[in-house]
Amino acid sequence: MGTQLLTLDDDPDVTLLFLAQVQQARPGKYQAYTAYSPQEFRKLAIAHKQEVDTVILGAAQTNEQAQAAKEVITQVWGNSKVHVLKIPASLLTTEGTKGGGMMRWFLEHMEGAIEGECGCC
């Protein structure tokens, strides 16, 4: 079985495009539950607590939203080893999309992929 992700983002279009890119680069390796509100995030976290390996917080999240999500993570998983990534907002800029952008950043953090190995650049 692959890695199970739980994502929280404000923009379904960006999230779905990103997840499609992940599937294209690594077919079957990553599966995701996606939430677009803190309430939905909490419900999914509780429902899939045993399955989720990594939480990804979208780049558009404010610091307050990210903090609220981290509180949910602490409440649901406690001190367990769920991995949390917050995509840097800089990846949403034109400059941030160069050289593989969000996809490269994700694979570097998840797999330690290097240029040319990620399938995105």
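Residues numbered from 1 in each chain as written. Predicted model: local features only at pLDDT ≥ 70, side-chain atom pairs only at ≥ 80, totals over all residues. Heavy atoms only, no water.

1. Some details on the packing of aromatic side chains
Two measures describe an aromatic ring pair: the distance that separates the ring centres and the angle between the ring planes. The following threshold applies: For this analysis, a ring pair means two rings from Phe, Tyr or Trp (six-membered ring only for Trp) whose centres lie within 6.5 Å, classed as stacked if their planes differ by under 30 degrees, edge-to-face if by over 60, and tilted for the remaining angles. Secondary structure elements are taken from DSSP: a helix is a run of H or I of four residues or more, a strand is a run of E of two residues or more, and numbering for both begins at the N terminus. For the exposure calls, accessible area comes from a 1.4 Å probe over protein chains only, and a residue counts as buried if that area is under 20% of its type's maximum, exposed if over 50%, partly exposed in between.
Per the counting criterion, the structure on display carries two aromatic pairs. Between Phe 18 and Phe 106, the aromatic rings sit 5.4 Å apart at their centres with planes inclined by 85°, giving edge-to-face as the arrangement. With a gap of 88 residues between them, Phe 18 in helix α1 (residues 12–25) and Phe 106 in helix α4 (residues 101–111) connect regions that are remote in the sequence. Given the relative accessible area of 1%, Phe 106 is considered buried. Ring geometry for Tyr 30 against Phe 106: centres 5.1 Å apart, planes inclined by 70°, an arrangement best described as edge-to-face. Of this pair, Tyr 30 sits in strand β2 (residues 30–35) while Phe 106 sits in helix α4, and the two are 76 residues apart along the sequence. For Tyr 30, a relative accessible area of 3% corresponds to the buried category.

2. Here's the deal with the sheet that holds strand β1 (residues 3–8)
Quick note on the threshold: Pairing between two strands is assigned when DSSP locates at least 2 bridges connecting them. The convention used is that axes are lines fitted to C-alpha atoms, helices contributing only their stretch in contact, and that angles between N-to-C directions extend from 0 to 180 degrees. Whether two residues are in contact is decided by their heavy atoms, any of which lying within 4.5 Å being enough.
Reading across from one edge, β2-β1-β3-β4 is the order of the four strands in this open sheet, with parallel pairing throughout. Across the chains shown, the open sheet's two edge strands, defined by having one partner strand only, are β2 and β4 (83–86). Put simply, the sheet's adjacent strands are angled 20° from each other on average, direction ignored. In this sheet, β2 lies alongside β1 in parallel orientation, the contact comprising six bridges. Bridge assignment links Gln 4 to a residue of β2, and that residue is Gln 31. Where helix α3 (residues 63–77) meets the sheet, its contacts fall on β1, β3 (54–57) and β4, and the angle it forms with β3 comes to roughly 165°.

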